[in-house]
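# Chain and residue survey
Okay, here's what each chain looks like letter by letter:
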Amino acid sequence: MAEQTESQTATIAYTLHGNRYLNITSRCTLRCAFCPKFNGSWEVQQYELRLYDEPSADEIVAAAGSPSGYREIVFCGLGEPTRRLDVMLEVAGRLRNKGASIRVNTDGLANLIHGRDVTPEFAVLVDAVSISMNAHNEPTYNRHCRPRHPQAFSAMLEFSQLVQQHVPEVVMTAIDGLPGVDITACQGIADEIGVGFRRRVLDVVG
Ligand code: SF4
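For clarity, every value in this text was computed on a predicted model and none was experimentally measured. (Residues numbered from 1 in each chain as written. Predicted model: local features only at pLDDT ≥ 70, side-chain atom pairs only at ≥ 80, totals over all residues. Heavy atoms only, no water.)

### Comments concerning unusual backbone geometry
- The backbone of Q45 sits at a positive phi, close to 50°, despite the residue not being glycine.
- Counting through the fold element by element, Q45 comes out in the loop between β3 (43-44) and β4 (47-48).
- At R146, a position not held by glycine, the phi torsion is positive, near 50°.
- Topologically, R146 is positioned in the loop between α4 (138-145) and α5 (152-163). (Helix = DSSP H or I, 4+ residues; strand = E, 2+ residues; numbered from the N terminus.)

Structural data, given as structure tokens:
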């Protein structure tokens, strides 16, 4: 892995829309065709999010700063935060003790990756989870998200079902305008699972 140079300052935390976002890994489970990092850019808004070294829990807490000035602390970068589940939950707990409201933006594949139901571990530490559904059926999901795991779509739906038992606010999202994605059908799936739904716009973090 290449070393980070001085001109490549790592962005561990960044501020948008009154929220503080935490970028804790560059690793992903998916390889989404619409993702900036698979289209030659690691930038979101003006922030360069590529991490050459993964920050420690202490470094993330320090980068987050005081939560009091933000509506939410959101785990969201150009990597999947649940790939670092233990670090993510430790940081969530430490910031929550300082009064933060914690949201995790996730691909919903944590149970698949970790080989167990991790959703009970979210209880008390996480206030909200936003899950990228991305498509209304498996073929369309596979086309856009290019998962290595063949069961990814069903695992994401199951995670969404399970996590709502432990986290007060669960929302599934899909990006309006991705070819072949039926936003109304996505909304219907979220309704069936019993969670909220939010239509997203491509390239807008949040
Ligand atoms: S899960 Fe997010 S960060 Fe990872 S490849 Fe897909 S869009 Fe990019």
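### Here's the deal with the side chain of H136
- In this structure, H136 sits in the loop between β7 (128-132) and α4.
- At 3.4 Å, the side chain of H136 forms a polar contact with the side chain of N137.
- Within the structure, the side chain of H136 is placed 3.1 Å from the backbone nitrogen of D182, a separation counted as a polar contact.
- Setting aside anything within four residues of it in sequence, one finds H136 in contact with F153, G180, V181, D182, A185, C186 and I189. (Polar contact = N/O pair within 3.5 Å; in protein donor to acceptor, adjacent residues only side chain to side chain. Contact = heavy atoms within 4.5 Å.)

### Here we look at the site of the ligand
- Around the ligand lies a shell formed by C28, L30, C32, F34, C35, F38, L78 and G79.
- Broken down by class, the residue content of the shell around the ligand amounts to 7 nonpolar, 1 polar and no charged. (Near = heavy atom within 4 Å. Nonpolar A, V, L, I, M, F, W, Y, C, P; charged D, E, K, R; others polar.)

### So, helix α6 (residues 183-193)
- Residues I183, C186, I189, A190 and I193 constitute the buried set of α6. End-on, the buried residues of α6 take up no more than an arc of 115°, which puts them together on one face. Away from its buried face, by an angle of more than 90 degrees, α6 presents the exposed residues T184 and E192.
- Buried residues along α6 sit in contact with α5, β8 (169-176) and β9 (196-201).
- Structurally, the start of α6 carries an N-cap: the backbone nitrogen of T184 is 3.1 Å from a side-chain oxygen of D182.
- Just downstream of α6, G194 is the residue with a positive phi angle, here 95°. (Buried < 20%, exposed > 50% of the residue type's maximum accessible area, 1.4 Å probe, protein only. Arc of directions from axis to C-beta.)

### So, helix α1 (residues 57-64)
- Taken together, the buried positions of α1 are occupied by A57, I60, V61 and A64. Down the axis of α1, the buried side of the element spans an arc of 95°, and every buried residue falls inside it. In α1, the exposed positions that point more than 90 degrees away from the buried face belong to D58 and A62.
- At its buried positions, α1 is contacted by β1 (13-16), β2 (19-22) and α2 (85-96).
- Two residues or fewer past α1, G65 is found with a positive phi of approximately 75°.

### Describing the nonpolar core
- Counting 65 residues, the largest nonpolar core has L22, F75, V91, L95, F122 and Y141 as its most contacted members.
- In terms of residues, this core owes the most to one element, α2, which gives 7 residues.
- In this structure F122 touches T82, L85, M88, L89, V129, F159, V163 and V167, once residues within four positions along its chain are discounted. (Core = buried A, V, L, I, M, F, W, Y, C linked by side-chain atoms within 4.5 Å.)

### Quick notes on the pattern of salt bridges
- Under the criterion given, the structure shown has 8 salt bridges.
- Across the salt bridge formed by R84 and E54, the nearest N and O atoms sit 3.3 Å from each other. With R84 in the loop between β5 (73-75) and α2 and E54 in the loop between β4 and α1, the pair connects residues that are 30 residues apart, well separated along the chain.
- Since its relative accessible area comes to 35%, E54 is described here as partly exposed.
- As a salt-bridge pair, E72 and R103 come within 3.0 Å of each other at their nearest N and O atoms. (Salt bridge = Lys/Arg side-chain N within 4 Å of Asp/Glu carboxyl O.)

### Section: the sheet that holds strand β6 (residues 102-106)
- The 7 strands are arranged β1-β2-β5-β6-β7-β8-β9 in an open sheet whose pairing can be described as mixed. A strand with exactly one partner marks an edge of an open sheet, and here the two such strands are β1 and β9. Ignoring which end each strand starts from, the neighbouring axes of this sheet average 25° apart.
- With 3 bridges connecting them, β2 and β5 associate as parallel partners. Across the sheet, R20 pairs through a bridge with I73, a residue of β5. (Pairing = 2+ DSSP bridges. Axes fitted to C-alpha atoms, helices over the stretch in contact; angles between N-to-C directions.)

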